[in-house]
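Structural description and commentary
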Amino acid sequence: MNALNHVSTNNEIILRDQLALERTAMANERTLLAYIKTMVGSMAVGVTFLKLFEGPVFYFGGFALIFLGISLLIIGFARFFKVERLLTEIFSPEIHQSSRRKIHNYNKRHFMLFHVHNT
């Protein structure tokens, strides 16, 4: 099922889809934080190998882990921005906001419009 089928002609989405969008945005942020956490751990072990141990195996392993950490950071940010861009393409920029406050303001406007039309 295509996500575009859930967007109505006046650029409003139903609550279920809005909550799914919010869950996806939060999952994207958690995934970025996991990449960063793994990068920090990898680089910490790499620096430890370089500083505490001697020998070519530890020297090579230390630099390999540091390189792995930098690579993970680049991959994590690339993935984060790719998913963020896809969310913005699927849902209009007015609806997809990374700030929870902006989503809340959208909900309040939508409720007020609904309330005014039904009174």
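Residues numbered from 1 in each chain as written. Predicted model: local features only at pLDDT ≥ 70, side-chain atom pairs only at ≥ 80, totals over all residues. Heavy atoms only, no water.

1. A short note on the packing of aromatic side chains
Rule in force here: Whether two aromatic rings pair depends on their centres lying within 6.5 Å, for rings of Phe, Tyr and Trp, where Trp uses its six-membered ring; planes under 30 degrees apart make the pair stacked, over 60 edge-to-face, and the rest tilted. The secondary structure listing takes helices from DSSP runs of H or I that are at least 4 residues long and strands from runs of E that are at least 2 residues long, numbered from the N terminus. Only protein chains enter the accessibility calculation, which uses a 1.4 Å probe; a residue whose area is less than 20% of its type maximum is buried, one above 50% is exposed, and one in between is partly exposed.
Using the criterion set out here, one finds six aromatic pairs in the structure. Look at Phe53 and Phe58: their rings are 4.7 Å apart centre to centre, the planes differ by 20°, and that puts the pair in the stacked class. With 4.9 Å between their ring centres and 80° between their planes, Tyr59 and Phe63 make a pair best called edge-to-face. Highlighted residues: Tyr59 and Phe63, both in helix α2 (residues 56-90), separated by four residues, approximately one helical turn. Judged by relative accessible area, Tyr59 falls into the exposed class, the value being 53%. Note on Phe63: relative accessible area 43%, which makes it partly exposed. These aromatic residues form a ring-pair network of at least three members: Phe49, Phe53 and Phe58.

2. Let's talk about the environment of Ala27
With respect to the helices, strands and loops of the structure, Ala27 is situated in helix α1 (residues 15-52). The class of Ala27 is partly exposed, set by a relative accessible area of 26%. In this structure the C-alpha to C-alpha distance between Ala27 and Phe80, which are 53 residues apart in sequence, comes to 10.0 Å.

3. Focus: the confidence of the model for the protein
Heads up, the condition is: Confidence scores labelled pLDDT are given residue by residue by the predictor and lie between 0 and 100. What makes two residues a contact is simply this: any of their non-hydrogen atoms within 4.5 Å.
Residues of the protein with pLDDT of at least 70 account for 65%, and the chain-wide mean is 77. Within the protein, helix α3 (residues 100-118) has the poorest average pLDDT of any element, 51, and α2 the best, 92. Here residues 1-10 is a poorly scored stretch, pLDDT under 50, and it has 11 contacts once near neighbours within four places are set aside; other chains count. Overall, residues 113-119 carries pLDDT values under 50, and its contacts beyond four positions in sequence, including any with other chains, amount to zero contacts.

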